[in-house]
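Structure at a glance
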Amino acid sequence: MRDLGWVEGRNIAFERRYAEGKNEDLPRLAASLVSLQPDVILAVGTGAAQSAKNATQTIPIVFTRVGDPVGSGLVPSLARPGGNLTGLSMQYWDLDAKRLEFLVTAVPDAKRVGLLWDPSFPTARAELKEFEGQLGH
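This section reports on the structure supplied with the text. (Residues numbered from 1 in each chain as written. Predicted model: local features only at pLDDT ≥ 70, side-chain atom pairs only at ≥ 80, totals over all residues. Heavy atoms only, no water.)

Helix and strand counts for the protein come out as 4 helices and 3 strands. For the protein, restricting intrachain contacts to residue pairs at least 6 apart in sequence, the fraction spanning at least 24 positions comes to 32%. For the protein, the exposed area adds up to about 9900 Å²; of that, 55% sits on carbon and sulfur atoms. (Helix = DSSP H or I, 4+ residues; strand = E, 2+ residues; numbered from the N terminus. Contact = heavy atoms within 4.5 Å. Areas by Shrake-Rupley, 256 points an atom, 1.4 Å probe, with all protein chains shown as cover.)

The following block contains the structure:
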């Protein structure tokens, strides 16, 4: 940002809010940011983005590290997010086949592979189904 002429405290201000692992605090923190009337909100993660969306329909929100923005109800489509939200998705399902290809190439004699997944992550079930489809299950 400095290379573009932006210096915090001189011509730009960053108001940071961190939930410290307590997602139940995200709505309160989002409301706190909205009360400051920032020009834009950067929301990191699905919970933060959903809380920001619920807190304002007018301030632009840029989200990142969101697994499935459409499935989580943040935007109606990736091509045309609409409203005041836009951002980056972590939807990498199209890479699952390549990951399995890398695994087979790296360990061609593998007969059994363990798959550890977190069912609370928004895209976990869809990714698990994709992996199982690649394996023919």
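We are not done yet, so read on.
On the surface, M1, L4, W6 and F14 cluster together into a nonpolar patch covering about 460 Å² of accessible area. Its location among the elements puts W6 in the segment before α1 (26-35). Here W6 falls in the partly exposed class, since its relative accessible area comes to 40%. (Patch = residues over 30% accessible without salt bridge, like charges linked within 9 Å, V, L, I, M, F, W, Y side chains within 5 Å. Salt bridge = Lys/Arg side-chain N within 4 Å of Asp/Glu carboxyl O. Buried < 20%, exposed > 50% of the residue type's maximum accessible area, 1.4 Å probe, protein only.)

With 4 bridges joining them, strand β1 (residues 41-44) and strand β2 (residues 61-66) adopt parallel strand pairing. When the sheet's bridge partners are listed, V44 is paired in β2 with T64. Crossover connection from β1 via helix α2 (residues 46-55) to parallel β2: handedness right-handed. Where β2 and strand β3 (residues 85-89) come together, 4 bridges link them in parallel fashion. (Pairing = 2+ DSSP bridges. Right-handed = clockwise from strand over helix to strand, strands pointing away.)

The values are spatial; any link to function lies outside them.
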